[in-house]
Amino acid sequence: MGVSTSSPEKGIAVVTVDFPPVNALPVRGWYDLADAVTAAGRDPDISCVVLTAAEHSRGFSAGVDIKEMQRETAAASGGPGGHTALIGANRGCYEAFSAVYRCEVPVIAAVAGFCLGGGIGLVGNADAIVASDDATFGLPELDRGALGAATHLSRLVPQHLMRALFYTSRTATAAELHAHGSVWKVVPRAGLHRAAMELAREIARKDGCLIRLAKAALNGIDPVDVHRSYRFEQGFTFEANLSGVADRVRDTFGQAGQESD
């Protein structure tokens, strides 16, 4: 359980996330993920990174471990220590999302099942996405007492669709994202790893130095500063928590069969 890195083929690193049952990452998990992606990109023998969930995972990512925050809030009873997990999650997500974006080599997100909340931050900052035909993407943040990652969802779908998805907490399918051009390929779940490795293999065949220069060049021409934009969003997440509205909404989370985020 946790974050692990392997190198199944020359030039390719696979970073696997495994936090059962739904890959909702605790604070430490986000930092571990950031460290793993950064280290893989710095390896001179690596030309491409594949970011994926363990094969037995129900989904790619359910985002932040909401229950970790709920436990801390209950223990603090509203005291000054009640925001440690929130601050940790905010900073951890920022570091993990940034690590994917700033990774010195291209990052391919291989997505099966649900990709929610913080998962959108990861795939939105990836260089390419390969998805299974059962994959769904969304930001149910308003239902969970949070805000954020609209920065990254807007890299996957057009502006007005992003707003409608955010306001309603609805999800989009892999096929819909493929139609918008943000998903490279949609395949049956059993063929996801193979499809991701095929794309990674094609990238890894390029000259390693040129690939790193290409990654830096493409980041340099992005029209939106994803780091500053996401930090701006996070400020509103914290405001929602200070006002008490986040706790009020979050306390309903987990009821009526809802899963952990």
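The buried fraction of strand E2 (residues 12-18) is high, at seven of seven residues. Burial along E2 is two-sided: Ile-12, Val-14, Thr-16 and Asp-18 facing one way and Ala-13, Val-15 and Val-17 facing the other are all buried. Pairing between strand E1 (residues 2-9) and E2: six bridges, direction antiparallel. When the bridges of E2 are listed, Thr-5 appears paired with Val-15. Here E1 folds back onto E2, and the loop between the two strands holds two residues, one of which, Gly-11, carries a positive phi near 85°. The sheet contact formed by E2 and strand E4 (residues 48-53) spans six bridges and is parallel. From the neighbouring strand, Val-15 faces E4, where its bridge partner is Leu-51.

Before going further, it helps to spend a moment on the pattern of salt bridges. When their charged atoms lie close together, side chains carrying opposite charge are able to pair. According to the stated counting rule, one finds six salt bridges in the structure shown. Notably, a salt bridge pairs Asp-32 with Arg-28, separated by 3.1 Å at the nearest N-O pair. Placement of both Asp-32 and Arg-28 in helix H1 (residues 27-42) is noted, with a separation of four residues, approximately one turn of the helix.

For any pair of aromatic rings, the description consists of the separation of the ring centres together with the inter-plane angle of the planes. Applying the stated rule across the entire model yields three aromatic pairs. Between Trp-30 and Phe-97, the aromatic rings sit 5.9 Å apart at their centres with planes inclined by 90°, giving edge-to-face as the arrangement. With Trp-30 in helix H1 and Phe-97 in helix H3 (residues 84-102), this residue pair connects regions lying 67 residues apart in the sequence. Here Trp-30 falls in the buried class, since its relative accessible area comes to 0%. Each ring, one from Phe-97 and one from Tyr-230, has its centre 5.1 Å from the other, and the planes form 50°; the classification is tilted. Residue Phe-97 is found in helix H3, and its partner Tyr-230 is found in helix H10 (residues 226-243); the two are separated by 133 residues along the sequence. Taking the relative accessible area as the measure of exposure, Phe-97 reaches 2% and is therefore buried. An aromatic cluster is present here, built from Trp-30, Phe-97 and Tyr-230 joined pairwise through their rings. When the ring centre of Tyr-94 is taken as origin, the NZ or CZ atom of Arg-231, which lies over that ring, is 5.0 Å away.

With mixed pairing, six strands are arranged side by side in an open sheet as E1-E2-E4-E6-E8-E11. In this open sheet, the two strands that pair with only one neighbour each are E1 and strand E11 (185-187). Averaged over all pairs of adjacent strands, the angle between their axes in this sheet comes to 20°, without regard to strand direction. Across four bridges, E4 lies against strand E6 (residues 107-111) in parallel orientation.

Here we come to the packing of H3 against H10. Packing of H3 against H10 brings their axes to within 11 Å, and their N-to-C directions diverge by 165°. If you check the angle between H3 and H10, you find them roughly antiparallel. Note on packing geometry: the crossing formed by H3 with H10 is right-handed. Together, Leu-86, Ile-87, Asn-90, Arg-91, Cys-93, Tyr-94, Phe-97, Ser-98, Tyr-101 and Arg-102 of H3 and Val-226, His-227, Tyr-230, Arg-231, Gln-234, Thr-237, Phe-238 and Asn-241 of H10 make up the contact between the two elements. Of the residues assigned to the contact of H3 with H10, the class counts are nine nonpolar, six polar and three charged.

Turning our eyes to something else, we now look at the layout of surface pockets. Put simply, the largest pocket is a space of about 540 Å³. As for the largest pocket, its lining consists of 25 residues, of which Pro-106, Ala-126, Asp-127, Ala-128 and Leu-218 are closest to the centre. Within the residue set of the lining of the largest pocket, elements represented by two or more residues are helix H4 (118-124), strand E8 (128-132), helix H8 (192-204) and helix H9 (208-220). Ranked by residue count, the leading element in the lining of the largest pocket is H9, at five residues. Empty space within the second largest pocket amounts to approximately 340 Å³.

On to the packing of H1 against H3. One way to put it is that H1 packs onto H3 with a least axis distance of 8 Å and a crossing angle of 20°. It follows that H1 is roughly parallel to H3 by the angle criterion. Taken as a pair, H1 and H3 cross one another with a handedness that is left-handed. Only Ala-85, Gly-88, Ala-89, Arg-91, Gly-92, Cys-93, Glu-95, Ala-96, Phe-97, Ala-99 and Val-100 of H3 make contact with H1, whose side of the interface consists of Val-27, Trp-30, Tyr-31, Leu-33, Ala-34, Val-37 and Thr-38. Class assignment for the residues of the contact of H1 with H3 results in 13 nonpolar, three polar and two charged.

How each quantity is defined
Residues numbered from 1 in each chain as written. Predicted model: local features only at pLDDT ≥ 70, side-chain atom pairs only at ≥ 80, totals over all residues. Heavy atoms only, no water. Buried < 20%, exposed > 50% of the residue type's maximum accessible area, 1.4 Å probe, protein only. Helix = DSSP H or I, 4+ residues; strand = E, 2+ residues; numbered from the N terminus. Pairing = 2+ DSSP bridges. Salt bridge = Lys/Arg side-chain N within 4 Å of Asp/Glu carboxyl O. Phe/Tyr/Trp six-rings, centres within 6.5 Å; stacked < 30°, edge-to-face > 60°. Lys NZ or Arg CZ within 6 Å of the ring centre and 35° of its normal. Axes fitted to C-alpha atoms, helices over the stretch in contact; angles between N-to-C directions. Parallel < 35°, antiparallel > 145°, perpendicular 65-115°, else oblique. Left-handed = near helix turned anticlockwise from the far one by under 90°. Contact = heavy atoms within 4.5 Å. Nonpolar A, V, L, I, M, F, W, Y, C, P; charged D, E, K, R; others polar. 1 Å grid on protein atoms, 1.4 Å probe; cavity = no way out; pocket = protein on both sides within 12 Å on 5 of 7 lines; lining within 4 Å. Points joined across faces, edges and corners; volume = space filled by probe spheres on them.

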